[in-house]
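Next come the chains, spelled out residue by residue.
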Amino acid sequence: MKVALISDIHDNAANLVQALSLAEVAGCTHLICLGDMVHSGTYRTLRLSWPFGIDLVFGNNERERSLFRKMTESFANTTLHDDAGVLELDGRRIYITHMPERAQGALAAGRFDAVFFGHTHQAFNRACGPTLVANPGEITARGGSPSFGIYDTRTNTVDIRRF
């Protein structure tokens, strides 16, 4: 299974829609959003632009958390995990969060095949023993080119894509 990884959208809807299109063309059939969508309009764009399942967490810039929770109730195939979440996809146990400190704690626990985080706006991808740790970078492109990740559950690897 191929899973799109996105983070740090910061209301850049044009880049978000482009990244989602590229991920779908690449064969992704699930999406993990690692926070900092910022406003509910961006969340709506995300859900309406992606035809498959979504797991997501809050970042440190979501100002309308109660509205996000309410919107999630009306979105099919969407799970909001608040600040961090544990999920299983295609037999892989995955920890997701926005904050690097939480990711570090999950990595230290040693119970996950993959740990994904955002916040730094810097794409990052490496194996720490048997655990894959990755940050897909940023959709917003404050620091240069926007990027997202494609996680392959079969190989437990992430390919960072810039656009």
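Conventions we followed
Residues numbered from 1 in each chain as written. Predicted model: local features only at pLDDT ≥ 70, side-chain atom pairs only at ≥ 80, totals over all residues. Heavy atoms only, no water. Buried < 20%, exposed > 50% of the residue type's maximum accessible area, 1.4 Å probe, protein only. Helix = DSSP H or I, 4+ residues; strand = E, 2+ residues; numbered from the N terminus. Arc of directions from axis to C-beta. Contact = heavy atoms within 4.5 Å. Expected span 1.5 Å × (residues − 1). Pairing = 2+ DSSP bridges. Axes fitted to C-alpha atoms, helices over the stretch in contact; angles between N-to-C directions.

**Thoughts on helix α4 (residues 100-109)**
Alright, step 1. Of all the residues in α4, the buried ones are A103, A106 and L107. The buried residues of α4 occupy one face: seen down the axis, they fall within an arc of 100°. Exposed residues lying more than 90 degrees from the buried face of α4 are E101, Q104 and A108.
Alright, step 2. Residues of α4 that are buried make contact with β6 (92-97), β7 (114-116), β8 (124-128) and β9 (131-135).

**Some words on helix α1 (residues 13-25)**
Alright, step 1. A rise of 1.5 Å per residue sets the reference length of α1, with its 13 residues, at 18 Å; its end C-alpha atoms lie 18 Å apart and thus fit the reference within 8%.
Alright, step 2. N15, L16, A19, L20 and A23 are the residues of α1 that are buried. Mapping the buried residues of α1 onto a view down its axis gives an arc of 135°, with all of them on the same face. In α1, those exposed residues whose orientation departs by more than 90 degrees from the buried face are A14 and V25.
Alright, step 3. Those residues of α1 that are buried lie in contact with β1 (2-6), β2 (30-33), α2 (40-49) and β10 (147-152).
Alright, step 4. One or two positions beyond α1, positive phi appears at G27, with a value near 100°.

**Considerations on the sheet that holds β8**
Sheet strands line up and pair through hydrogen bonds in the backbone, either parallel or antiparallel.
Alright, step 1. Spatial ordering of the open sheet is given by β5-β6-β7-β9-β8, a layout of five strands whose pairing is mixed. With one partner strand each, in any of the chains shown, β5 (84-89) and β8 form the two edges of the open sheet. Each neighbouring strand pair of the sheet contributes to a mean axis angle of 20°, computed without reference to strand direction.
Alright, step 2. With three bridges connecting them, β7 and β9 associate as parallel partners.

Note that every value here comes from positions in space, so none of it alone points to a role or purpose.
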